[in-house]
Amino acid sequence: MKILVCISNVPDTTSKITFTNENTAFNTAGVQYIINPYDEIALSKAVDLAAAASGSVTTITVGDASTEPTIRKALAIGADNAVRVDATASDAWFVANQIAAYAKNNNFDLILTGRESIDYNSAQIAAMVGELLHIPSVSIAKGVQVTNGQASVEREIEGGKEVLTASLPIVIGTAEGVAEPKIPNMRGIMGARSKPLEVIAAVAVDPLTTVKSYATPPARGSVTLVNEDQVDELVNLLHNNAKVI
Amino acid sequence: MSVLVYIENTEGQFKKSAFEAISYGKAIADQLQTEVIAISIGTVKEDELQKLGGYGAARVLNVSTDNLSSFVNQAYASIVATAAQKENASVVVLSNTFSGKGLAPRVATKLSAGIVSGASALPQINGDTFEVQTSAFSNKAIATVSIQSAVKVLTINPNAFPSKETGGSATVEAYTPDIPSTDFSTTVQEIVRATDTISLPEAEIVVSAGRGLKGPENWGMIEELAKVLGAATACSKPVSDAGWRPHSEHVGQTGIVVSPNLYIAIGISGAIQHLAGVSSSKTIVVINKDPEAPFFKVADYGIVGDAFVVVPKLIEALKKHKGN
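Residues numbered from 1 in each chain as written. Chains lettered and ligands numbered in written order. Predicted model: local features only at pLDDT ≥ 70, side-chain atom pairs only at ≥ 80, totals over all residues.

Visitor: Requested: an account of the overall build of chain B, with residues and values cited.
Guide: Check the secondary structure of chain B and you find eight helices and 18 strands. Expected size for 324 residues packed as a compact globule is a radius of gyration near 20 Å; at 21 Å, chain B falls within 12% of this value. Along the first, second and third principal axes, the C-alpha atoms of chain B reach 60 × 40 × 40 Å. Within chain B, the fraction of its 324 residues that count as buried is 57%. A sequence separation of at least 24 residues applies to 66% of the contacts in chain B between residues at least 6 apart. (Helix = DSSP H or I, 4+ residues; strand = E, 2+ residues; numbered from the N terminus. Rg over C-alpha atoms; globule rule 2.2 N^0.38 Å. Buried ≥ 20, exposed ≤ 12 C-beta atoms within 10 Å, placed from the backbone. Contact = placed C-beta atoms within 7 Å.)

So, in C-alpha cells, the structure goes:
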C-alpha cells in the first residue's frame, strides 16, 4: 500500500501570534515551527498502516527550504521518503493543486492529511484534493481502518458519528482518535538524515484568495468576580446583564 | 445573478444553523441586489422547505431522490455546483458544519471558485473587490481575505450570524440534475446520534470542565449543570487525552472551536491552546479555586472557589431561577 501524507509546517501551538508590514504578514520572528498536530496524527496512522501491509509512506510539503527541519522530523517519525514542492503555500487552492499534481503521477492508495492546519484552519485540503483527483474524500475522520482495498471511516457529525466505507484510493482528513501521535526515537532521528527528500518545482496555479490584512481579536473587558457564597448573584448577572440565560 | 445557499437537514429537519445560513445568504443577496435561492438535498417535507421562504428564500430547489437520502459529498457537490451554474450564482453559501466542511471545498473546486471557510461577518463588496473576515491561527487572529474568482464560496460558522425572519414565502421546485454514478463512491453504513445531548459546535451554552475535577467519576454534576442550562458538555485537552471524556468533547486549538453565547469553564486553568478554542464565546464564566488561573484574564464573570462546592450551589440557584 502506497500512502501519501500531507505535512504542513506551522507555528508551535504556544506561539504568540503577531503581524508585520502593517498587519499584512505573519511575524515569524522567534516562532518555532512544528508539524501541524493533525498532520502528525495522519502520519502516525500512515506509519502503522504501512507497517501492517508492508507499504510505504511518502510525505509532501509545500514550502521553501525553511520547512525542511519539519520534513526531517516527519521522516524521523517513520515516513520513508519526502517531497517538498518548492513554493510559498499561498492558499488552499494552490496547495491542493500541488498535492493533486504530484499524486496523479504516483498512484497512491491512500492520501492522508490533518483535518485542518492550525494556522489557516480552513479544513479545505482533503476535499479539494479528492475533487481534483475525482476520488472520494472524508474531511474530518475520527477513525480509519483499511482492509482488502476498502477503507472504513468513522466521521464526525453534529451530535454523533457516521461510519462509511469506500474503495481505495481515498483522501482522508484525520482528527484526534485516528492514531496516537508518534514520538521519534534516536534511531529514527539518525535514519531521517539519510532518507530521500526530493525537491520539485510547483505546477503553475494562480491562487484564488489572498489575505489582505490581519487583526488580533478585540480584548475582552475585565472580569467581574462573584463571591463563592453568592452564586445567586452570578445567575442574576447572567440573566439581567449578559442576557445569556 | 443570484446567491445560492445549500441548506443542510438533519433527518428531514432544518436546524438553527440552516436558518442562519439562509439569512446570511439573504443579506448578501440584498447587498448584490439579487435574489437568494435555497437548495435542499435529501428527504425534507414540503412544510419544512416552505419555512425557508420566511427567511428570505425566493425559491427552494428540492433534490430528493432515494439515492441521496444519506450524505455522499461527491454527489452532493455535483448537485450544488450544477445548481450554481444553472442559477448563475455569483456567491454560494454553506454552513461550516462537519458535512459542510466535506462538501464546500468540492463545490468550490468544481466551480474554480475561491472559498473562505468559517466567515465571521458579512462580506465587504465594493465593485470587483470581495473581502470577508474569518478567524486564523486558531482564533488568535482575524484575517480579511479577498476572493479573486468570479464565483465565491463562503461557509458560515454556527452562531456567527443571527437568523432573521423576513416574512416572505418561497416557491418549492423539484430539481433533478443528472449525477454521474461514479459520484456515489462512499456508502454510509451506520449513523449513531446521541439523542439526549446537545451538539457541541452548535450549542448556545457550553459547560466545560478540566483536570480540576480530579477524575471522570466527578462529571455527574457537570452533566447536571448542562442539563439545567440546556447546554452541551465539553472538556479540556488533558481530560480527553486521559480518556476521562471522549475526544469529541475536547474544545481548544486542536479540538473543537466553539462560539456559544455562554461558556462556563470549571476547573480549567486556561492554557493558550484552550483559550484559542473559546475566545469568540460571547460571555465566559470561569470557576476555579486558583485566583491566578490565566482563564480569569479572558473571563467576563468569575468565581474563585472549589468546583465541588460552587457547582452544586450553582445548579440549585439555576433551578430556583428557572422555577421563577
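Visitor: Explain the overall build of chain A to me, using residue names and the numbers behind them.
Guide: The secondary structure content of chain A amounts to six helices and 15 strands. Projecting the C-alpha coordinates of chain A onto the three principal axes gives extents of approximately 65 × 45 × 40 Å. A separation threshold of at least 6 residues defines the contact pool for chain A, and within that pool the share at least 24 residues apart is 70%.

Visitor: Run through helix α3 (residues 73–86) of chain B, naming residues and quoting values.
Guide: All names here are of chain B. The terminal C-alpha atoms of α3 lie 20 Å apart, and with 14 residues this matches the ideal 20 Å at 1.5 Å per residue to within 8%. Here α3 lies mainly inside the structure; 11 of its 14 residues are buried. Every buried residue belonging to α3 is among N73, Q74, A75, Y76, A77, S78, I79, V80, A81, A83 and A84, and all of these are buried. N88 occupies a position one or two residues after α3 and carries a positive phi of about 55°. (Expected span 1.5 Å × (residues − 1).)

Visitor: Outline the pairing of strand β9 (residues 129–136) of chain B, listing residues and values.
Guide: All names here are of chain B. Of all the eight residues making up β9, six are buried; the element is thus mostly covered by neighbouring parts of the structure. With three bridges joining them, strand β8 (residues 124–126) and β9 adopt antiparallel strand pairing. Bridging from a neighbouring strand, I125 pairs with F130 of β9. The antiparallel hairpin formed by β8 and β9 contains two residues in its connecting segment, where G127 sits at a positive phi of about 60°. (Pairing = 2+ DSSP bridges.)

Visitor: Can you break down the sheet that holds strand β16 (residues 262–266) of chain B residue by residue, with the values?
Guide: The strand order β15(A)-β18(B)-β17(B)-β16(B)-β14(B)-β15(B) describes an open sheet built from six strands, whose pairing is parallel. Two strands in the sheet have a free side with no partner beyond their single neighbour: β15 (224–225) of chain A together with β15 (232–235) of chain B. Inspection of the sheet shows strand β14 (residues 205–209) of chain B paired to β15(B) by four bridges, in the parallel sense. By the bridge assignment, S208(B) is partnered in β15(B) with A234(B). Sheet contacts for helix α8 (residues 307–323) of chain B: β16, β17 (283–288) and β18 (301–304) of chain B; angle to β17(B), the most-contacted strand, approximately 135°. (Axes fitted to C-alpha atoms, helices over the stretch in contact; angles between N-to-C directions.)

Visitor: How would you sum up the packing of helix α3 (residues 92–104) of chain A against helix α4 (residues 125–133) of chain A? Please name residues and give values.
Guide: All names here are of chain A. In contact at an axis separation of 9 Å, α3 and α4 are set at 50° when each is read in the N-to-C sense. Taken together, α3 and α4 sit at an angle that is classed as oblique. With respect to the hand of their crossing, α3 and α4 are arranged in right-handed fashion. Across the interface between the two elements, A92, W93, V95, A96, N97, I99, A100, A103 and K104 of α3 pack against I125, M128, V129, L132 and L133 of α4. Among the residues making up the contact of α3 with α4, the classes are represented as 12 nonpolar, one polar and one charged. (Parallel < 35°, antiparallel > 145°, perpendicular 65-115°, else oblique. Left-handed = near helix turned anticlockwise from the far one by under 90°. Nonpolar A, V, L, I, M, F, W, Y, C, P; charged D, E, K, R; others polar.)

Visitor: Go over the nonpolar core with me, naming the residues and quoting the values.
Guide: Among the nonpolar cores identified, the biggest contains 135 residues, and V5(A), V129(A), I22(B), I39(B), V80(B) and V92(B) are the most heavily contacted of them. For this core, the element with the highest residue contribution is α3(A), accounting for nine residues. Excluding residues that lie within four positions of it along the chain, V5(A) makes contacts with D39(A), A42(A), L43(A), A46(A), V57(A), T59(A), A79(A) and L112(A). Grouped together as the second largest cluster of nonpolar side chains are 51 residues, V231(A), C235(B), V239(B) and I256(B) included. (Core = buried A, V, L, I, M, F, W, Y, C linked by C-beta atoms within 7 Å.)

Visitor: Run through α8(B), naming residues and quoting values.
Guide: For an α-helix the count is 3.6 residues per turn, leaving residues at separations of three or four pointing the same way. With 17 residues, α8(B) extends 24 Å between its outermost C-alpha atoms, agreeing within 8% with the 24 Å of an ideal straight helix rising 1.5 Å per residue. If you check which residues of α8(B) are buried, you get A307(B), V310(B), V311(B), L314(B) and L318(B). Considered in projection along α8(B), the buried side chains sweep an arc of 95° and stay on one side of the axis. Those residues of α8(B) that are exposed and angled more than 90 degrees off the buried face are K319(B), K320(B) and G323(B). Contacts made by the buried residues of α8(B) are with α6 (231–240) of chain A together with α5 (220–229), β16, β17 and β18 of chain B. (Arc of directions from axis to C-beta.)

Visitor: Any chance you could break down the interface of chain B and chain A for me, citing the residues and the numbers?
Guide: Each partner contributes to the interface: chain B provides 76 residues, whereas chain A provides 64 residues. In terms of residue class, the side of chain B that touches chain A is built from 32 nonpolar, 33 polar and 11 charged. Pairing of strand β14 (residues 209–215) of chain A with strand β10 (residues 141–147) of chain B, which is carried by six bridges, proceeds in the antiparallel orientation. In the strand pairing of β10(B), V211(A) is matched with V145(B).

Visitor: Go over the confidence of the model for chain B with me, naming the residues and quoting the values.
Guide: Note that predicted coordinates carrying low pLDDT should not be read in detail. For chain B, per-residue confidence averages 95 on the pLDDT scale, and 99% of positions sit at 70 or higher. Overall fold confidence for the complex sits at a pTM of 0.93, while the interface term, ipTM, reaches 0.95. (pLDDT = per-residue confidence, 0-100.)

Visitor: So what's going on with the environment of P294(B)? Which residues, and what values?
Guide: Residues and elements named next belong to chain B. You can see P294 is positioned in the loop between β17 and β18. When the C-alpha atoms of P294 and A18 are compared, they prove to be 36 Å apart, with 276 residues separating the residues in sequence. Beyond its immediate stretch of four places on either side in the chain, P294 contacts S269 and G270.

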